[in-house]
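# Summary of the model geometry
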Amino acid sequence: MTETGVDSHSVPTIFAWVGGRPVFRRWFETFYDLVEKDDLLGPVFGGTVSVEHREHVTDWWCEVMGGPSTYTAEHGGYEHMLARHRGLGIDDDQRLRFVTLLSRAADLAGVPADPECRAALMGYAEWGTRLAVENSAPDATPVPHASVPRWGWGIAPPYLP
């Protein structure tokens, strides 16, 4: 067993690999600081991203990446997230900028930079933002009820020597 609590035969969750909520929180603080200064995304948030929004998004990502189910327990899960995006009309340029700033913020915030970790995180960002574009369209008919997704390593688990 290593000092991180992962033995060489276990595959940690992405949440654990990243370093838990403190790292996700630092990442999303950095991200939303970039968003507030961005000419394309800043206006979507009225120029300021609230502390509450930052905390909720941190809770969502932590849960998706294998952490505690805080978003579901305290904020209403998938249905709440869906409701927050309905009718926003997110376009392709906004989606791409969102993903790009997430990646830049991960670098700035010191999120682990190993290829497996970043592939998993950015794979979810791509998947989730594409759903957000679809679900935010004026004529969208999204699935009304679902569980918060649980993201895994896919085909590239973390390298454990």
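What counts and how
Residues numbered from 1 in each chain as written. Predicted model: local features only at pLDDT ≥ 70, side-chain atom pairs only at ≥ 80, totals over all residues. Heavy atoms only, no water. Helix = DSSP H or I, 4+ residues; strand = E, 2+ residues; numbered from the N terminus. Rg over C-alpha atoms; globule rule 2.2 N^0.38 Å. Buried < 20%, exposed > 50% of the residue type's maximum accessible area, 1.4 Å probe, protein only. Contact = heavy atoms within 4.5 Å. Areas by Shrake-Rupley, 256 points an atom, 1.4 Å probe, with all protein chains shown as cover. Lys, Arg positive; Asp, Glu negative; His and termini not counted. Charge placed at Lys NZ, Arg CZ, Asp CG, Glu CD. Phe/Tyr/Trp six-rings, centres within 6.5 Å; stacked < 30°, edge-to-face > 60°. pLDDT = per-residue confidence, 0-100. Core = buried A, V, L, I, M, F, W, Y, C linked by side-chain atoms within 4.5 Å.

### Considering the overall build of the protein
Helix and strand content of the protein: seven helices and zero strands. The N-to-C order of helical and strand elements in the protein reads α-α-α-α-α-α-α. On C-alpha atoms alone, the protein measures out to a radius of gyration of 16 Å, which is about the 15 Å that the 2.2 N^0.38 rule sets for 161 residues. Structurally, the protein occupies a C-alpha span of about 50 × 35 × 30 Å along its principal axes. Among the 161 residues that make up the protein, the fraction classed as buried is 41%. Long-range contacts, defined as pairs at least 24 residues apart, comprise 76% of the intrachain contacts of the protein with a sequence gap of at least 6. Here the protein displays about 8,800 Å² of accessible surface, and carbon together with sulfur accounts for 57% of that area. Across the protein, the centroid of the 13 positively charged side chains sits 3 Å from that of the 22 negatively charged ones.

### Observations concerning the packing of aromatic side chains
Under the counting rule described, the total for this entry stands at 16 aromatic pairs. Their ring planes at 40° and their centres at 6.0 Å tell us that phenylalanine 24 and tryptophan 27 sit as a pair that is tilted. Remark: tryptophan 27 and phenylalanine 24 occur in helix H2 (residues 21-37); sequence separation between them is three residues, near one turn of the helix. Per residue, the accessibility class of phenylalanine 24 equals that of tryptophan 27, and both read buried. The interplanar angle of 80° and the centroid separation of 5.1 Å between the aromatic rings of tryptophan 27 and tryptophan 61 together place this pair among those described as edge-to-face. Taken together, the positions of tryptophan 27 in helix H2 and tryptophan 61 in helix H3 (residues 51-64) put the pair 34 residues apart, joining distant regions of the chain. In textbook terms, an aromatic cluster arises when at least three aromatic residues are bridged by ring pairs, as seen for Phe15, Phe24, Trp27, Phe28, Phe31, Tyr32, Phe45, Trp61, Phe98, Tyr124, Trp127 and Trp151.

### Some remarks on the confidence of the model for the protein
Mean pLDDT over the protein works out to 91, with 93% of the residues at or above the 70 mark. Scored below 50 in pLDDT, residues 1-5 shows two contacts in the model against residues more than four places distant or in partner chains.

### Focus on the environment of glutamate 74
Along the chain, glutamate 74 turns up in helix H4 (residues 70-75). Sequence separation between glutamate 74 and aspartate 59 is 15 residues; the distance between their C-alpha atoms is 9.3 Å.

### Considering the nonpolar core
One finds Phe24, Trp27, Phe28, Trp61, Met65 and Leu121 to be the most contacted residues of the largest nonpolar core, which totals 35 residues. For this core, the secondary structure elements donating two or more residues are helix H1 (14-18), H2, H3, helix H6 (92-109) and helix H7 (115-136). Sorting elements by how many residues they give to this core places H2 first, with seven residues. Here methionine 65 is in contact with Thr13, Ile14, Phe15, Phe24, Leu121, Tyr124 and Trp151, once residues within four sequence places are set aside.

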